[in-house]
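So you can see what is in the structure, the chains are spelled out below.
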Amino acid sequence: MIILFYFIEELPSDSLKQLSQLSIYISTSEKEIGYTVDFSKPYIEIRSAYLSKSLHSLSQSVQISERHQGISYEKGSGEFLKYMDCFTKAIQAEQQFAIKILSNRSQRMTALKGSIAPAMQEFVSAGRNLNVVAKRLTYFDTIFIFDIMDKYERDCAPIFKELSQEIDLSDCTEMISAFKLTALKNFHDFSEDVQGKRENNSYMNMSSDGTVHEMTSNTLNYLKRLYLWRDIVEPLLLLLGDGGWNHTGPITAIPEKSFSYGESAKGTALLQSFFDDALDQLTLSLQRTSRGYKKPALATVFLLNNYNHILRQIRSPPLNAIFDEVSELKFSKLVKKQLDTYQESWKPCVENLMDVTYVRGGAIKNSMGSGERQLVKERFKVKKKILLGEG
């Protein structure tokens, strides 16, 4: 991380005092010298160049590192997070510096607006470009935007709110709002994918052996990632409202509702509702997918494997913090139903195998004749046909 000398190096108190006295003298010297001296222009030129130079390398690092690890993205690893942190501290330091040397509030606001404008423009541009990248990716690959919003709301928003009394930061807040809109669209896209509504649905590639489907693994992994950022996910879901992620059309604007960062009783309830709905839709999709198997026994194995995997995941951290005993009982019953069906499919096979008797004339035969061996082979052929759904 690059250290910004901008807010580390401070002028000596004597120098600050002299600059403050000079600014007061200039602003009140019109009658003495006969004309008004506009000192804001050289102030803006010097300070804006210093601020831009301090932050430019961070901006460049964001543009160079537009490579994201998708679902494997590690919390706190994004380059834009460092950039945002330094930008926030830099403009906060700039305001504090201006307060010390510019006592006139009107002059100070003009000077601040000009001094931070170039750096803010570059910062906002980097954020907007990053959001454009996020909009081109699938929701699995845009987990990093939750990290950006979480960092902003937790660390930067309180400072921005304080600074906005003297500095216009609307471009920055609009940029963050664009990230929020992308996140809301991702909730909608995720819901449609789980329901199998999206045209290019990568989920529906059926496994040939009935193992755990990619759709199941991806859904559970995505829910785990959302839980990791629940402080920002909960308020985003509150914007949509219960079931809002199943909106029939695309989400084009952020609903006009209050936004409060962090966990809340309503937010937790809505997060649970979102997760429950996702697994309900996943269950229906798995059932539809299972109908594509020509062999009934294989369809049963497919559902059994997937339901059992879901059950194990919702019993384990972190999902066990969201899913309650009702959800666990529901999938336990689904597992049992498929297990019973699977065992029932073996019944004809067992009956055919058990139909061979090795007792002849009241004595147990230790070996079979050629005719008896042929009969067992025929029984195994019947067993094979039954398992393959051919008999």
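Thresholds applied
- Residues numbered from 1 in each chain as written.
- Predicted model: local features only at pLDDT ≥ 70, side-chain atom pairs only at ≥ 80, totals over all residues.
- Heavy atoms only, no water.
- Helix = DSSP H or I, 4+ residues; strand = E, 2+ residues; numbered from the N terminus.
- Buried < 20%, exposed > 50% of the residue type's maximum accessible area, 1.4 Å probe, protein only.
- Contact = heavy atoms within 4.5 Å.
- Areas by Shrake-Rupley, 256 points an atom, 1.4 Å probe, with all protein chains shown as cover.
- Phe/Tyr/Trp six-rings, centres within 6.5 Å; stacked < 30°, edge-to-face > 60°.
- Lys NZ or Arg CZ within 6 Å of the ring centre and 35° of its normal.
- 1 Å grid on protein atoms, 1.4 Å probe; cavity = no way out; pocket = protein on both sides within 12 Å on 5 of 7 lines; lining within 4 Å.
- Points joined across faces, edges and corners; volume = space filled by probe spheres on them.
- Nonpolar A, V, L, I, M, F, W, Y, C, P; charged D, E, K, R; others polar.

(A) Focus on the overall build of the protein. Of regular secondary structure, the protein possesses 14 helices and 2 strands. A burial count over the protein gives 45% of its 391 residues as buried. Partitioning the intrachain contacts of the protein with sequence separation of at least 6 by distance along the chain shows that 80% fall at a separation of at least 24. In the form shown here, the protein has an accessible surface area of approximately 21100 Å², with 52% of it arising from carbon and sulfur atoms.

(B) Geometry of the packing of aromatic side chains. Taken as a whole and judged by the stated rule, the model has 21 aromatic pairs. Each ring, one from F190 and one from F274, has its centre 5.9 Å from the other, and the planes form 45 degrees; the classification is tilted. Within this pair, whereas F190 is found in helix α7 (residues 170-195), its partner F274 is found in helix α10 (residues 265-290), the two being separated by 84 residues in sequence. According to the relative accessible area criterion, F190 is buried, its value standing at 1%. Here the aromatic residues Y139, F140, F146, F187, F190, Y222, W245, F274, F275 and F323 are joined through ring pairs into a cluster of three or more. The side chain of R47 reaches across the aromatic face of F97, ending 3.9 Å from its centre. Positioned above the aromatic ring of F259 is the side chain of K180, whose terminal nitrogen or guanidinium carbon lies 3.7 Å from the ring centre.

(C) Geometry of empty space enclosed by the protein. Under the counting rule described, the total for this entry stands at 1 cavity of 30 Å³ or more. Of the voids in this model, the largest cavity is the one considered here, and its volume is about 40 Å³. Lining the largest cavity are F190, S191, V194, W245, F274, D277, A278 and Q281. Those elements that place two or more of their residues in the lining of the largest cavity are α7 and α10. Its residues assigned to classes, the lining of the largest cavity shows 5 nonpolar, 2 polar and 1 charged.

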